[in-house]
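Understanding the architecture of this molecule
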Amino acid sequence: MPKKYSINWVLLLLLGGALVLRLWGIWYGLPSFFIGDEPAMVYGSLKMLQLKTLLPVLHAAEFRPLYYPPLIPYLLLVPLVPVLGLAYWASGVSGLGTFTQSLVLNPTIIWLTARTVAALLGTATVYAVYRLGRELFNRNAGLFAAALIATSFLHVQMSHFIRHWVAATLCVTVVAIFAVRIANGGKKSDYVWAGIVGGLGFGVSYVPVLSMVLVVLAHWMNPAVAKPKIGFRWLWVCLGIAAALSAVFIALHPQEFFRMAVGEDSTAAQAKSFLGLLGSYQFHLRNFLFLEPVLFLTTLGGAVWLWFESRKKFFLLLTLPVVYLTVLYVIFHDEVRYLLLVLPLFCAVAGNLLEHLWRRAAVFAQLSAVALVLLVFAFPLTVDGKYLLLLTGPDTRQDAEAWIAQNIPAGNRVVTDLVTFRLASTKDSILQQQQLDPGSLRQEDQALLQTDDAHYPTPAWEVLPLHFISSGALADMAPESFLRAGFQYLVVEDSPAVRPQTLALIAAGARVRQTFTAEIPDLNGNFVNPIFTIFPVHRLGPTVTVYQLP
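First things first, this report covers the structure right here in the doc. Because the structure is predicted, anything quoted here is derived from the model rather than measured. (Residues numbered from 1 in each chain as written. Predicted model: local features only at pLDDT ≥ 70, side-chain atom pairs only at ≥ 80, totals over all residues. Heavy atoms only, no water.)

So, the overall build of the protein
A count of helical and extended segments in the protein gives 23 helices and five strands. Taken over the C-alpha trace, the protein has a radius of gyration of 26 Å; the compact-globule value for 550 residues is 24 Å, and the two agree within 12%. Taken along its principal axes, the extent of the C-alpha atoms in the protein is 80 × 55 × 55 Å. When the 550 residues of the protein are sorted by exposure, 53% land in the buried category. Sequence-distant contacts in the protein: of pairs separated by 6 or more residues, those separated by 24 or more amount to 80%. Looking at the protein as shown, the accessible area adds up to about 23800 Å², and 67% of this sits on carbon and sulfur atoms. Where the 37 positive side-chain charges of the protein centre and where its 31 negative ones centre are 15 Å apart. (Helix = DSSP H or I, 4+ residues; strand = E, 2+ residues; numbered from the N terminus. Rg over C-alpha atoms; globule rule 2.2 N^0.38 Å. Buried < 20%, exposed > 50% of the residue type's maximum accessible area, 1.4 Å probe, protein only. Contact = heavy atoms within 4.5 Å. Areas by Shrake-Rupley, 256 points an atom, 1.4 Å probe, with all protein chains shown as cover. Lys, Arg positive; Asp, Glu negative; His and termini not counted. Charge placed at Lys NZ, Arg CZ, Asp CG, Glu CD.)

As structure tokens, then:
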């Protein structure tokens, strides 16, 4: 009994530490947003509130920016409704329209609420990995597996931002738990719950429905089911539930599903090859080693150990990663973050190895067991600490905004070519932009046009944001056009998406006033460098250059 309570306290401390690692730094970039996919999720929820609907299918055009299934936007409504209600009550503003304007201009409370949900989902995944390890092996193996996912750089990183990855990973992990129970004899309810969670996973991101492979494999391993196993009714009930829920989510947002499956996001029509598949595996293995070296090595050792210990568990845990990465290669393309969905399975494999090593070290000397834990987790925790330190500091884009506020007088005319940059525009410049390209105005611009002078943000500049203006509207604009219009400064992000007009302005004699240099490739994107390269870095963000025009 004391041992049980001791493990419970360790688990609580582990979950508390995991939550801290996922909450610290969630304010990164705010009130701007520098992370892809986040706006889509939050936009989906806010659009549901605005249109008073839970059915994106009825408003296809309005929900076009939501390029994922709608389950996460539904989930975000749960905290957003009371949080926004309390914020409205506490603001003391005279009307809902004024409050909405203030949120558009400073949506920090919305992003913090959404990112807190992501952190909670990430922490829930840590607990789910513990349960997976416990079901497969024992409580100590579960604790080691949970500690590995809790300190995983990829999982800590993804849990900071409201994207689909962490929720999808949680669904896959929970399906895996029920699959293990099924493989060990299981109950009918295990089949039912596996189908429900697999279907909900489809509502998060489509690909988690591949976790049904685990259920089918576990069913074939189920000693309590007589042959022919394919005729077992509850297997088909499980798959039917998953298919039915998947169909519901397709019906709720069909335009996005077909775009993803057979439209612009699909690569299924492109030529594929066996060598290409091997190259895809190599890509993921290399990134696994680069980003999670400790987990990679312990997973490798754990796989060898598991092969000799239990072939049944070996194939149950390691078949899905192969199937999953193969399907993604055939249908989509390679991205670093794809590893996240199968990371819990790797953690279970590695946790089993660590539990065996820990028991042997403890028999030799208690101090040896402590040394083992410190040796395994010192590097991941150091990486996490450095990452959180970077999140709490300013981004290069924020440094550029601060420099402009101090060195370029308000009212000056500024051309910008950056995806995410929050220089306040004067009303006159917004109206001029509207004449040039009416479709280029953002919600922030619309809110500024309705803001009275007493509450207008200062300082403000005459800004022309090239990134948001269509190529057609800019087609006839030569460098001389900008100079004749009185533009004095140009702010550019080093990116492949830089407009030709920007390059022409630079070539026309623009002089560098200040550069905020990128120290590392996008750490929150598809980062493919060894993770130790973050240690000498002082700030995140792309290279941003401020030019003075001739």
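Considerations on the pattern of salt bridges
Across all of its chains, the model carries eleven salt bridges by this definition. Arg 115 is paired through a salt bridge with Glu 38; the nearest N and O atoms lie 2.9 Å apart. Here Arg 115, found in helix 5 (residues 108-136), pairs with Glu 38, found in helix 2 (residues 38-51); they are 77 residues apart in sequence, far enough to count as distant. The exposure class assigned to Glu 38 is buried, which follows from its relative accessible area of 0%. One network of salt bridges, with partners in common, ties together Glu 135, Arg 181 and Asp 190. (Salt bridge = Lys/Arg side-chain N within 4 Å of Asp/Glu carboxyl O.)

Remarks on the pairing of strand 1 (residues 413-417)
Here strand 1 lies mainly inside the structure; five of its five residues are buried. Alternating residues of strand 1 divide into Arg 413, Val 415 and Asp 417 and Val 414 and Thr 416, and every residue in both groups is buried. Where strand 1 lies against strand 3 (residues 489-493), four bridges are found, and the strand directions are parallel. Bridge assignment links Val 414 to a residue of strand 3, and that residue is Tyr 489. (Pairing = 2+ DSSP bridges.)

Focus on the nonpolar core
Membership of the largest hydrophobic core comes to 125 residues, with the highest contact counts inside it found for Leu 76, Ile 162, Leu 317 and Tyr 324. Ranked by residue count, the leading element in this core is helix 8 (residues 165-183), at 15 residues. Apart from residues lying up to four places away in sequence, Leu 317 is in contact with Leu 136, Phe 137, Leu 306, Leu 345, Ala 348 and Val 349. Ranked by size, the runner-up nonpolar core spans 15 residues in total, among them Ala 400, Ile 404, Leu 418 and Val 491. (Core = buried A, V, L, I, M, F, W, Y, C linked by side-chain atoms within 4.5 Å.)

Details of the layout of surface pockets
Of the volumes computed, that of the second largest pocket is approximately 490 Å³. Lining of the second largest pocket is provided by 20 residues; of these, Val 10, Leu 143, Phe 144, Ala 147 and Val 373 occupy positions nearest its centre. Of all the elements in the fold, those that place two or more residues in the lining of the second largest pocket are helix 1 (2-23), helix 6 (139-151) and helix 17 (366-392). Sort the elements by how many residues they give to the lining of the second largest pocket and helix 1 lands first, with eight residues. Looking at the lining of the second largest pocket residue by residue, the class counts come to 16 nonpolar, four polar and no charged. (1 Å grid on protein atoms, 1.4 Å probe; cavity = no way out; pocket = protein on both sides within 12 Å on 5 of 7 lines; lining within 4 Å. Points joined across faces, edges and corners; volume = space filled by probe spheres on them. Nonpolar A, V, L, I, M, F, W, Y, C, P; charged D, E, K, R; others polar.)

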